[in-house]
Amino acid sequence: MPHEALFEPYLLGSLRLANRIVMAPLTRSRSSEEGVVPLYAAEYYRQRATAGLIIAEATNISAQGRGYAKTPGIWSQAQVEAWKPVTEAVHNAGGLFFLQLWHTGRISHPSLQPGGALPVAPSAIRPGGQAFTNQGLVDHETPRALRAEELPGIVEDYRRAATNARAAGFDGVEIHSANNYLLEQFLRDSTNQRTDNYGGSIENRLRFPLQAVHAVVEGFGDANRVGIRISPGTTMPGSTPLDSTPNQTYGAYVDGLARLGLVYLHVIEGTTQQTRNSAGVDYDALRRRFRRTYIDNNMVSLELAEQELADGKTDLVAFGRAFLANPDLVERLKTGTPIADAPKETWYGGDERGYTDWPVATAPQLQTA
Ligand SMILES: Cc1cc2nc3c(=O)[nH]c(=O)nc-3n(C[C@H](O)[C@H](O)[C@H](O)COP(=O)(O)O)c2cc1C
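Residues numbered from 1 in each chain as written. Predicted model: local features only at pLDDT ≥ 70, side-chain atom pairs only at ≥ 80, totals over all residues. Heavy atoms only, no water.

Quick notes on the overall build of the chain
And then number 1: The number of helices and strands found in the chain is 10 helices and 14 strands.
And then number 2: Radius of gyration (C-alpha) of the chain: 19 Å, near the 21 Å computed for a compact globule of 369 residues.
And then number 3: Here the chain holds 369 residues, and the buried ones make up 60% of them.
And then number 4: Expressed as a percentage of contacts within the chain between residues at least 6 apart in sequence, the contacts between residues at least 24 apart total 72%.
And then number 5: Per element, the accessible surface of the chain, about 13800 Å² overall, is 50% carbon and sulfur. (Helix = DSSP H or I, 4+ residues; strand = E, 2+ residues; numbered from the N terminus. Rg over C-alpha atoms; globule rule 2.2 N^0.38 Å. Buried < 20%, exposed > 50% of the residue type's maximum accessible area, 1.4 Å probe, protein only. Contact = heavy atoms within 4.5 Å. Areas by Shrake-Rupley, 256 points an atom, 1.4 Å probe, with all protein chains shown as cover.)

Written as structure tokens, this is what we have:
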């Protein structure tokens, strides 16, 4: 089967993507204790700038948002300054670059929180599994339920993060509303058992996430530069049960997101890194309700990508793990060059090794770039 559709340009709002291939956000945990991204991240992202769009690794909107050791932030001036050479490197290589905005909620640990405080969440329900801390993997603790009067402050953190992302030179932002972090903890009735205006009915559970999204749109200043990521079928991390009526809950959410004018809906279909089985989630219906650009992600093969583009089931395809050890993934897909695997020990933490030192296997023009 000829692989063509993936390599056609695409208009995302006003941005012209060189192809339909998106680099999915990938946490690499190489930032400083202060959440400052390392300078060598500029080289890492530059190497991957042939993707139609790069979505940078999840980046904390506030000190409270942090849930993993050595993840970057976008709340302080030093963090903004550190991102500038990274965005510049991607732009100089002809790439387009969004930043993923993150608040982990209950998927954190006191050792990562200001003053050793408990992580915060809609309700005080302990996640399963362990947190990735500076001391290694440590069991999660029961989070503290947020008071309603604290929520406007977090909404402001989202707004500031979006404004900062723009100042750092990003072309746009992706709101991380997937993988059971704070926004998804509010959406799902399994993690949100509040009895105030922010819990109970679907409308109430959507309230805080939609307020955060609205603030991001205002903070970045253009809804055409704001996308969002959701994962209605994913239970990890935290062994988080699915919502009891995901099609209704996420359907209503998508309607609200469309009303706010977001440019794309990025969907992890199935369970992240495990299966594409839909478990009853109607992804086509979500796509129809959103109407604008749809990005499919999760275990998408080259064949499936081409099939879905040909069938009009998706507009763009995001690849995650394949970008780790293949800076020239786009060329490899085009030429049928084998895809290298990155060993797991290189995924999180460490330095340039296993990060910027993956060889290019294709395309002479890339080797001299
Ligand atoms: C090392 C690693 C880091 C990841 N970090 C993030 C992240 O920061 N934000 C996010 O939304 N998903 C993250 N993910 C999930 C990926 O973006 C993607 O959804 C997942 O790997 C499935 O896509 P794939 O089969 O193409 O790898 C991460 C995955 C891996 C393997």
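Structural notes on the packing of aromatic side chains
And then number 1: Throughout the structure, instances matching the rule amount to 13 aromatic pairs.
And then number 2: With a centroid separation of 5.0 Å and an interplanar angle of 50°, the aromatic rings of Tyr45 and Phe97 are classed as tilted. Residue Tyr45 is located in helix 1 (residues 41–47), and its partner Phe97 is located in strand 5 (residues 97–102); the two are separated by 52 residues in the primary sequence. Of the two residues examined, Tyr45 and Phe97, each falls in the buried class.
And then number 3: Judged by centre distance (6.3 Å) and plane angle (80°), the rings of Trp347 and Tyr348 are edge-to-face.
And then number 4: Since its relative accessible area comes to 13%, Trp347 is described here as buried. (Phe/Tyr/Trp six-rings, centres within 6.5 Å; stacked < 30°, edge-to-face > 60°.)

Some remarks on the site of the ligand
And then number 1: Residues in contact with the ligand amount to 20 residues; listed here are only the nearest, Thr27, Arg229, Asn297, Met299 and Arg321.
And then number 2: Contacts to the ligand include Pro25, whose backbone N or O atom sits 2.8 Å from an oxygen atom.
And then number 3: Within the side chain of Thr27, a nitrogen or oxygen atom sits 2.6 Å from an oxygen atom of the ligand.
And then number 4: Protein chains bury 94% of the 610 Å² of accessible surface belonging to the ligand in isolation.
And then number 5: Looking at the shell around the ligand residue by residue, the class counts come to nine nonpolar, nine polar and two charged. (Near = heavy atom within 4 Å. Polar contact = N/O pair within 3.5 Å; in protein donor to acceptor, adjacent residues only side chain to side chain. Nonpolar A, V, L, I, M, F, W, Y, C, P; charged D, E, K, R; others polar.)

Things to note about the packing of helix 6 (residues 246–259) against helix 7 (residues 283–290)
And then number 1: As a packed pair, helix 6 and helix 7 sit with axes 8 Å apart at the nearest point and diverge in direction by 20°. Here helix 6 lies roughly parallel to helix 7, going by the angle between them. At the point where helix 6 passes helix 7, the crossing takes the right-handed sense. Residue-level contacts link Asn247, Tyr250, Gly251, Ala252, Val254, Asp255, Leu257 and Ala258 of helix 6 to Leu286, Arg289 and Phe290 of helix 7. (Axes fitted to C-alpha atoms, helices over the stretch in contact; angles between N-to-C directions. Parallel < 35°, antiparallel > 145°, perpendicular 65-115°, else oblique. Left-handed = near helix turned anticlockwise from the far one by under 90°.)

Looking at the environment of Arg106
And then number 1: Tracing the sequence through the fold places Arg106 in the loop between strand 5 and strand 6 (120–121).
And then number 2: Separated by 52 residues in sequence, Arg106 and Ile54 place their C-alpha atoms 27 Å apart.

A look at the pattern of salt bridges
And then number 1: Counted according to the given criterion, the structure contains 22 salt bridges.
And then number 2: With a shortest N-O distance of 2.8 Å, Asp196 and Arg194 are connected by a salt bridge.
And then number 3: Assessed through its relative accessible area of 10%, Arg194 is described here as buried. (Salt bridge = Lys/Arg side-chain N within 4 Å of Asp/Glu carboxyl O.)

Details of the nonpolar core
And then number 1: Counting 86 residues, the largest nonpolar core has Tyr45 and Trp83 as the members making the most contacts within it.
And then number 2: Residue contributions to this core peak at nine residues, all from helix 5 (residues 202–220).
And then number 3: Setting aside anything within four residues of it in sequence, one finds Trp83 in contact with Val37, Tyr45, Ala56, Glu57, Thr59, Pro72, Gly73, Ile74, Leu99, Ala168 and Phe170.
And then number 4: Ranked by size, the runner-up nonpolar core spans 15 residues in total, among them Val22, Leu53, Tyr264 and Ala318. (Core = buried A, V, L, I, M, F, W, Y, C linked by side-chain atoms within 4.5 Å.)

A short note on the side chain of Ser190
And then number 1: Residue position: Ser190 is located in the loop between helix 4 (182–187) and helix 5.
And then number 2: There is a polar contact of 2.7 Å between the side chain of Ser190 and the backbone oxygen of Pro241.
And then number 3: Those residues in contact with Ser190 that lie beyond four places of it in its chain are Ile125, Thr240, Pro241 and Leu242.

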